[in-house]
Amino acid sequence: MKLFVDTANLDELEQCLQRGFPAGVTTNPAILSKEKHRDFREHINDMIAMLQKYDCKIPLSVEVFSTDADEMLRQADEFVNCFGHYPYVNVKIPIGWNELTVIAELRRRGIEVNCTCCMSYNQAIMAARAGANFVSLFWGRIRDIGYDAGQVVSSVAKTFASWDSPAEIIVGSIRHIADINEAMQAGADILTVPPKFFPQMCGHPKTDEAVQQFMVEFSKWQAAGQQVALRKSA
């Protein structure tokens, strides 16, 4: 199981990289739009510089911002030109009939692809058959339309395994800690998680209680030892 960081915020990214756990980073146009307005290419290059600062050699997904197939290909070429000095960039392409031609062409060019916005078993299968390296299933949005997200992920995972597909399943659209646990158990290869959830994944009130108990008992023991030492020196 790998954890990707779903962010374009440099401070959030650095906090995660300092802790050593990210296996990748995902962005999308909506996430980028929350950052300070500037040329997005500068922003992505700053993210790459952050990854290089921590000597990270992990995937970074950059998504096209067009619904036209020809324009998607043009943007993908631009991404390679602008970000190709970091060899782990992959291009995010949304699932769709015309979009499959983009995925297939990018793979012919040796460009790695993350097929995003998949909401169904069929979409995930088509994306993988077109050559996508990663297939992103949107857990929360699948549930929004009344389907069992865990069943969709599990079915895709079983099918990929049956034909030994090299495609990896990314589960995104994480909204609760429970989503993370359930998606892991459903068979996702990767979870891409908003940074706000990572501290919660490390915390537990009983952990805090246990650590506090250890500190208090040690302090009492240490204080008693100091009293003994004082009496002996008196």
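So, here's what we can say about the structure. (Residues numbered from 1 in each chain as written. Predicted model: local features only at pLDDT ≥ 70, side-chain atom pairs only at ≥ 80, totals over all residues. Heavy atoms only, no water.)

## Topic: the overall build of the chain
Then, in step 1: Of the regular secondary structure elements, the chain holds 11 helices and 8 strands.
Then, in step 2: The C-alpha radius of gyration of the chain comes to 23 Å, more than 25% above the 17 Å expected for a compact globule of 234 residues.
Then, in step 3: Taken over the C-alpha atoms alone, the chain extends approximately 90 × 40 × 30 Å along its principal axes.
Then, in step 4: Taking all 234 residues of the chain together, 46% fall into the buried category.
Then, in step 5: Surface accessibility of the chain: about 12700 Å² in total, with carbon and sulfur atoms responsible for 52%. (Helix = DSSP H or I, 4+ residues; strand = E, 2+ residues; numbered from the N terminus. Rg over C-alpha atoms; globule rule 2.2 N^0.38 Å. Buried < 20%, exposed > 50% of the residue type's maximum accessible area, 1.4 Å probe, protein only. Areas by Shrake-Rupley, 256 points an atom, 1.4 Å probe, with all protein chains shown as cover.)

## Side note on the sheet that holds strand β8 (residues 190-193)
Then, in step 1: The 8 strands are arranged β1-β2-β3-β4-β5-β6-β7-β8 in a closed barrel whose pairing can be described as parallel. Each strand axis lies, on average, 30 degrees off the axis of its neighbour in the sheet, ignoring direction.
Then, in step 2: Bridge count for strand β6 (residues 134-138) against strand β7 (residues 168-172) is 5 bridges, and the pairing is parallel. Bridge pairing in β7 places Val 135 opposite Ile 169. (Pairing = 2+ DSSP bridges. Axes fitted to C-alpha atoms, helices over the stretch in contact; angles between N-to-C directions.)

## Quick word on the pairing of β6
Then, in step 1: Among the 5 residues of β6, 5 are classified as buried, and the element is accordingly described as predominantly covered.
Then, in step 2: Residues Phe 134, Ser 136 and Phe 138 point to one face of β6 and Val 135 and Leu 137 to the other, with burial holding for every one of them.
Then, in step 3: Where strand β5 (residues 113-118) and β6 come together, 3 bridges link them in parallel fashion. Bridge pairing links Cys 115 to Val 135 in β6.
Then, in step 4: With helix α6 (residues 121-130) bridging β5 and the parallel β6, this β-α-β connection has right-handed handedness. (Right-handed = clockwise from strand over helix to strand, strands pointing away.)

## A look at the environment of Ser 173
Then, in step 1: Here Ser 173 shows up in the loop between β7 and α9 (177-186).
Then, in step 2: Ser 173 sits in the buried class, given a relative accessible area of 18%.
Then, in step 3: Along the backbone, Ser 173 and Leu 191 are 18 residues apart, and their C-alpha atoms lie at a distance of 9.4 Å.
Then, in step 4: Residues contacting Ser 173, with those up to four places away along its chain left out, are Phe 138, Trp 139, Gly 140, Arg 141 and Asp 179.
Then, in step 5: There is a polar contact of 3.3 Å between the side chain of Ser 173 and the backbone nitrogen of Arg 141. (Contact = heavy atoms within 4.5 Å. Polar contact = N/O pair within 3.5 Å; in protein donor to acceptor, adjacent residues only side chain to side chain.)

## Examining the pattern of salt bridges
Then, in step 1: Per the stated rule, a full pass over the model turns up 17 salt bridges.
Then, in step 2: Among the ionic pairs, Glu 105 bridges to Arg 109, the shortest N-O distance being 2.9 Å.
Then, in step 3: Of the residues examined, Arg 109 reaches a relative accessible area of 38% and is grouped as partly exposed. (Salt bridge = Lys/Arg side-chain N within 4 Å of Asp/Glu carboxyl O.)

## Here's the deal with the pairing of strand β3 (residues 60-63)
Then, in step 1: Neither face of β3 is open: one carries Leu 60 and Val 62, the other Ser 61 and Glu 63, and all of them are buried.
Then, in step 2: Pairing of strand β2 (residues 24-26) with β3 involves 2 bridges; the strand directions are parallel. Across the sheet, Thr 26 pairs through a bridge with Ser 61, a residue of β3.
Then, in step 3: Inspection of the sheet shows β3 paired to strand β4 (residues 89-94) by 4 bridges, in the parallel sense. In the strand pairing of β4, Leu 60 is matched with Val 89.
Then, in step 4: Since β3 and β4 lie parallel, the crossover through helix α4 (residues 69-83) that links them has a hand, and here it is right-handed.

## What to know about unusual backbone geometry
Then, in step 1: Even without a glycine there, the phi angle at Asp 164 is positive, about 55 degrees.
Then, in step 2: In this fold, Asp 164 is placed in the loop between α8 (149-162) and β7.
Then, in step 3: For Asp 164, a relative accessible area of 67% translates into the label exposed.
Then, in step 4: The phi dihedral of Ser 173 falls on the positive side, at around 55 degrees, and the residue is not glycine.

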